[in-house]
Amino acid sequence: MKKTLFDKVWDAHVVDTVKNGPQILYIDKHLIHEVTSPQAFNELEARKIPIFRPQQIIATADHNTPTQDQHLPVKDEMSRIQLTQLSKNCKKNNITLYELGHKYNGIVHVMAPELGITQPGMTMVCGDSHTSTHGAFGSIAFGIGTSQVAQVFASQCLLLTKPKSLRVSVNGKLKNGVLPKDVILYIISKLGTNSGTGYFCEYAGDVFENMSMEGRMTVCNMSIEMGARGGMIAPDDSTFTYIKDRKFAPKNDEFNKKVDYWKTLSSDEGAAFDKEYFMDAEDIEPMITYGTNPGMGIKISETIPTDNDPSFQKSLQYMNFQAGESLINKPVNFVFIGSCTNSRIEDFRVAANYVKGKLKAKNVTAWLVPGSKQVESQIIKEGLKDIFNEAGFELRQPGCSACLAMNEDKIPQNEYCVSTSNRNFEGRQGQGSRTILASPLVAAATAIEGKIIDITKQFN
Amino acid sequence: MEKFKTYISKAIPLNIANVDTDQIIPARFLKATDKKGFGENVFRDWRFDKTGNPVSNFPLNNASYSGSILIAGDNFGCGSSREHAAWALVGYGFKVIVSSFFADIFKGNALNNGLLPVQVSKSFLLQLFSAIKLDSNCQFEVNLENQTISIKGTDLSESFNIDPYKKTCMINGYDDIDYLLSKREIIEAFELQKPY
Ligand code: SF4
């Protein structure tokens, strides 16, 4: 039978099938962080169940870590307790932890790929919905709840019903100034925020084939934003080159053997998908969101649509936008470049390239938050930090930061923030904050101008 | 986990679509290290205004509504994987959430915590909302054994789907960990001959 990429990886991990019920899926790698793991550790301890495969778990501290003065004790007491508890739990159970300050510390979905932990054909889970990021390597990766974290602790397996399959193909050549973030925001704006529920999504077509690994991660990262459990892209030479020589990558012969296997991981010609969509690269432009879910996106040059639905109107009211208006020239006082969607080196290169020789607008507070210590060092090594400093930007220390505002990096009430993160929900970046999702390029331009501009004009 | 019984209860209507997990439990409340206490902060930013006073027209604050069933708009529970959302709803006292659509992860989390997500058709959802509008004391019956939800005092009823394995777990109060532990041997055997 012809199989999809998803089928191939899934089927290889099925341990058993419960009669009339779910399947037992084996999990290769389990990533954990401070916020969604403590209750799972407690549960196992209370039930006297040992952790089954501690070597397959890797931990980092990211969600509520401060992005300044990381060498000092964490000020917020509750955050400190969670971080300490993570360290204790990992130590007690022999789990590798890249804690705050460690040279490999970072956002879980930035840290694991850059260390070569993420590899094609794997199953990976984490108590975080953006685990879908790792699908960029052709792995099945998805977010789980804390009860499931406990299940994986106990058995290295999960009970799951196989999701349906969905493929989004985008072919053609992307216009100048259109970044991977625009591609995924465009897809979500077309398909809606629950089109993917119950599905695993494969992205195919030359747009993704020509995309860097960083870009593919940005795309897969936001699969959850259309409701899909995860996204995947078939591994190819870009994938293998990216992984080679990374810390946890297989070495020498072992690597070559793996590559031979990885090369078999693509959807067979003619394999059937439950749903398929086709889009043209030429139709995509720099995107921006105007509402309170990531599907509420428009091309930056377009106006906000009209819709009588009460939820739509509630959303515009929250954002203080009017149907039919354009966002161009809207003053913006906050810009955030960071989060597991866009905090990799390429994102900072794009931003630095744009701001070089320019000056940040006075009204703007701009936070640049690298996804990991390694990204931070590279920003410094490549001289990007100097460019940012000269343009008046502040480079902070790695973590999730203003993506979910669990630390001090909060956007104040009623303020707009052009953000490269993945969610524009009410209050996501701080109580009453108003998030506008965009690419790092649009974010950088907003910071320079102090308002939203039509970036497409600079490329035509 | 508590065994799931048949619930006959009044319901609280939350006629808003796309209720995301950040609204169910805002991130700033995620810092606890146990599962208790989240109920107090369920829908925090909709229930209370900035000064901490209850928002009077929010359904959970409206004294005419009560019960252990929450009837919500389409696409409930989208957003993050935080199980805290399920803990908060359970902590507040909900046993059943009804919607015309649930986000995947939320649905799994709810089931793992004895909270039953009941997915009904869009038209039946509208009937549920109008039944409460007509009479806020209207009772609803959720019968997991028969997989039905009905509006008491009317002949309006709809059946819902649930994975048979999950249904058994809910009715008996088992969880997946118990099941997986019983499969240790075959998991170990699988590890020795992984096909990849
Ligand atoms: S950066 Fe944001 S979305 Fe990504 S893991 Fe952290 S909190 Fe979640």
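Everything discussed here concerns the structure shown above.
Small disclaimer: the values here were computed from a predicted structure and weren't measured.

Undergrad: Sorry, what's going on with the overall build of chain B here?
TA: The number of helices and strands found in chain B is eight helices and eight strands. The C-alpha radius of gyration of chain B comes to 18 Å, within 12% of the 16 Å expected for a compact globule of 196 residues. Counting only C-alpha atoms and orienting by the principal axes, one finds that chain B spans roughly 60 × 45 × 30 Å. For chain B, the proportion of its 196 residues judged to be buried stands at 56%. Carbon and sulfur atoms provide 49% of the accessible area of chain B, an area that totals close to 8300 Å². For chain B, the distance from the average position of its 21 positive side-chain charges to the average position of its 22 negative side-chain charges is 4 Å.

Undergrad: Which parts of the structure should I look at to understand the overall build of chain A?
TA: For chain A, the count of helices and strands is 15 helices and 19 strands. For 460 residues, the compact-globule estimate of 2.2 N^0.38 gives 23 Å, and the C-alpha radius of gyration of chain A, at 21 Å, lies within 12% of that figure. Sorting the 460 residues of chain A into buried and exposed places 67% on the buried side. In chain A, 75% of the contacts between residues at least 6 apart in sequence involve partners at least 24 apart. Working note: accessible area of chain A is about 16000 Å², and carbon and sulfur atoms make up 46% of it. Averaging the locations of the 50 positively and 51 negatively charged side chains of chain A gives two centres separated by 4 Å.

Undergrad: Would you mind going over the interface of chain B and chain A with me for this structure?
TA: Note: interface size is frequently given as the accessible area lost on complex formation between the parts. Listed by partner, the interface residues are 55 residues for chain B and 68 residues for chain A. Between chain B and chain A lies a buried interface of about 5000 Å² when both sides are counted; carbon and sulfur atoms form 57% of it. Of all residues in chain B, K31(B), T33(B) and Y196(B) bury the most surface against chain A, accounting for 16% of the area lost on that side. Our count for the chain B to chain A interface comes out at six salt bridges.

Undergrad: So what exactly am I meant to see when it comes to the site of the ligand here?
TA: Every residue close to the ligand is listed here: H63(A), I107(A), H109(A), D128(A), H130(A), S339(A), C340(A), C400(A), C403(A), L404(A), N422(A) and R428(A). Grouping the amino acids of the shell around the ligand by side-chain chemistry returns five nonpolar, five polar and two charged.

Undergrad: It is not clear to me how the packing of aromatic side chains should be interpreted in this structure. Could you clarify?
TA: Enumeration according to the criterion identifies 25 aromatic pairs over all chains in this entry. Their ring planes at 55 degrees and their centres at 6.1 Å tell us that W46(B) and F58(B) sit as a pair that is tilted. Placement of the pair is W46(B) in helix α2 (residues 44-47) and F58(B) in the loop between α2 and β3 (69-72), with a sequence separation of twelve residues. Neither W46(B) nor F58(B) differs from the other in exposure class; each is buried. Here Y165(B) and Y179(B) contribute two aromatic rings whose centre-to-centre distance is 5.6 Å and whose plane-to-plane angle is 70 degrees, an arrangement assigned as edge-to-face. Taken together, the residues span a long stretch of sequence, with Y165(B) in helix α6 (residues 164-172) and Y179(B) in helix α7 (residues 176-181) at a distance of 14 residues. By the ring-pair criterion, three or more aromatic residues cluster together here, those being F6(A), W10(A), F142(A) and F200(A). One Lys or Arg, R44(B), reaches over the ring of F48(B) and ends 4.6 Å from the middle of that ring.

Undergrad: It is not clear to me how the nonpolar core should be interpreted in this structure. Could you clarify?
TA: Across soluble globular proteins, nonpolar side chains show a tendency to be buried alongside one another. In this structure, F388(A), F43(B), L70(B), F76(B) and L89(B) are the most contacted members of the largest nonpolar core, which totals 83 residues. Tallying contributions element by element places helix α15 (residues 440-449) of chain A first for this core, with seven residues. Apart from the residues lying within four places of it in its own chain, the contact partners of F76(B) are L14(B), V19(B), I24(B), F43(B), L70(B), L89(B), I97(B), S99(B), F101(B), F102(B), A103(B) and F106(B). Core analysis: the next-biggest nonpolar cluster, separate from the first, contains 76 residues, L25(A), V74(A), I284(A) and L437(A) among them.

Undergrad: Looking at this model, I keep getting lost on helix α5 (residues 122-134) of chain B. Mind explaining?
TA: The periodicity of an α-helix, 3.6 residues per turn, causes residues three or four places apart in sequence to face the same way. Residues and elements named next belong to chain B. The end-to-end C-alpha distance of α5 is 18 Å, a good match for the 18 Å that 13 residues give at a rise of 1.5 Å each. The complete set of buried residues in α5 reads F124, L125, L128, F129, A131 and I132. For α5, the angular spread of the buried residues around the axis is 155 degrees, confining them to a single face. The outward face of α5, more than 90 degrees from its buried face, is lined by the exposed residues K122, L126, K133 and L134. Those residues of α5 hidden inside the fold are in contact with β2 (11-14), β3, β4 (96-99), β6 (140-143), β7 (148-151) and β8 (157-159).

Undergrad: Even after reading the chapter, I still don't get the sheet that holds strand β18 (residues 416-419) of chain A, so can you show me in this structure?
TA: Picture the strands of a sheet paired through backbone hydrogen bonds; they go either parallel or antiparallel. Spatially, five strands are ordered β17-β16-β15-β18-β19 (chain A) in an open sheet, and the strand pairing comes out parallel. Lying at the two open borders of the sheet, with one neighbouring strand each, are β17 (394-395) and β19 (434-437) of chain A.

Undergrad: Help me understand the pairing of β18(A), please; the structure alone is not making it clear to me.
TA: Regular strands show a simple pattern: their side chains alternate between the two faces of the sheet. Residues and elements named next belong to chain A. Every second residue of β18 is oriented toward a common face, with Y416 and V418 on one face and C417 and S419 on the other, all of them buried. Of the pairings in the sheet, the one linking β18 to β19 comprises four bridges and is parallel in character. Directly across from Y416, in β19, lies its bridge partner R434.

Undergrad: Before we go on, may I ask you to explain the pattern of salt bridges in this structure?
TA: Should their charged atoms come close, side chains of opposite charge can pair. Tallied over the full model, the rule gives 30 salt bridges over all chains. Two residues, R47(A) and D175(B), come together in a salt bridge whose shortest N-O distance is 2.8 Å. With R47(A) in the loop between α2 (38-46) and β4 (57-60) and D175(B) in the loop between α6 and α7, the pair connects residues from two separate chains. Classification of R47(A) by relative accessible area gives partly exposed; the value is 30%. Here E325(A) ties to K330(A) by a salt bridge, and the two come within 3.1 Å at their closest N and O atoms. Residue K330(A) is classed as buried on the basis of its relative accessible area, which comes to 18%. In the salt-bridge network here, residues are joined through shared partners; they are E43(A), R47(A), K35(B), D175(B) and D178(B).

Undergrad: I would appreciate a short explanation of the environment of P54(A) in the present structure.
TA: Residue position: P54(A) is located in the loop between α2 and β4. P54(A) gets classed as buried once you look at its relative accessible area, which sits at 17%.

Undergrad: Help me understand α2(A), please; the structure alone is not making it clear to me.
TA: Of all the residues in α2(A), the buried ones are P38(A), Q39(A), A40(A), F41(A), E43(A) and L44(A). Looking at the buried positions of α2(A), the neighbouring elements they touch are β3 (29-32), α3 (77-92) and α5 (146-155) of chain A together with α3 (84-92) and α7 of chain B. Just past α2(A), the residue K48(A) takes up positive phi, approximately 55 degrees.

Undergrad: Is there a simple way to think about the sheet that holds β6(B) in this case?
TA: Residues and elements named next belong to chain B. Read across the open sheet, the four strands follow the order β1-β6-β7-β8; overall the sheet is antiparallel. With one partner strand each, in any of the chains shown, β1 (7-9) and β8 form the two edges of the open sheet. If you compare each strand with its neighbour and ignore which way they point, the axes differ by 10 degrees on average. Bridge count between β7 and β8: three bridges; the pairing is antiparallel. Paired with T148 across the strands is S159, a residue of β8.

Parameters and conventions
Residues numbered from 1 in each chain as written. Chains lettered and ligands numbered in written order. Predicted model: local features only at pLDDT ≥ 70, side-chain atom pairs only at ≥ 80, totals over all residues. Heavy atoms only, no water. Helix = DSSP H or I, 4+ residues; strand = E, 2+ residues; numbered from the N terminus. Rg over C-alpha atoms; globule rule 2.2 N^0.38 Å. Buried < 20%, exposed > 50% of the residue type's maximum accessible area, 1.4 Å probe, protein only. Areas by Shrake-Rupley, 256 points an atom, 1.4 Å probe, with all protein chains shown as cover. Lys, Arg positive; Asp, Glu negative; His and termini not counted. Charge placed at Lys NZ, Arg CZ, Asp CG, Glu CD. Contact = heavy atoms within 4.5 Å. Buried area = accessible area lost by both parts, 1.4 Å probe. Salt bridge = Lys/Arg side-chain N within 4 Å of Asp/Glu carboxyl O. Near = heavy atom within 4 Å. Nonpolar A, V, L, I, M, F, W, Y, C, P; charged D, E, K, R; others polar. Phe/Tyr/Trp six-rings, centres within 6.5 Å; stacked < 30°, edge-to-face > 60°. Lys NZ or Arg CZ within 6 Å of the ring centre and 35° of its normal. Core = buried A, V, L, I, M, F, W, Y, C linked by side-chain atoms within 4.5 Å. Expected span 1.5 Å × (residues − 1). Arc of directions from axis to C-beta. Pairing = 2+ DSSP bridges. Axes fitted to C-alpha atoms, helices over the stretch in contact; angles between N-to-C directions.

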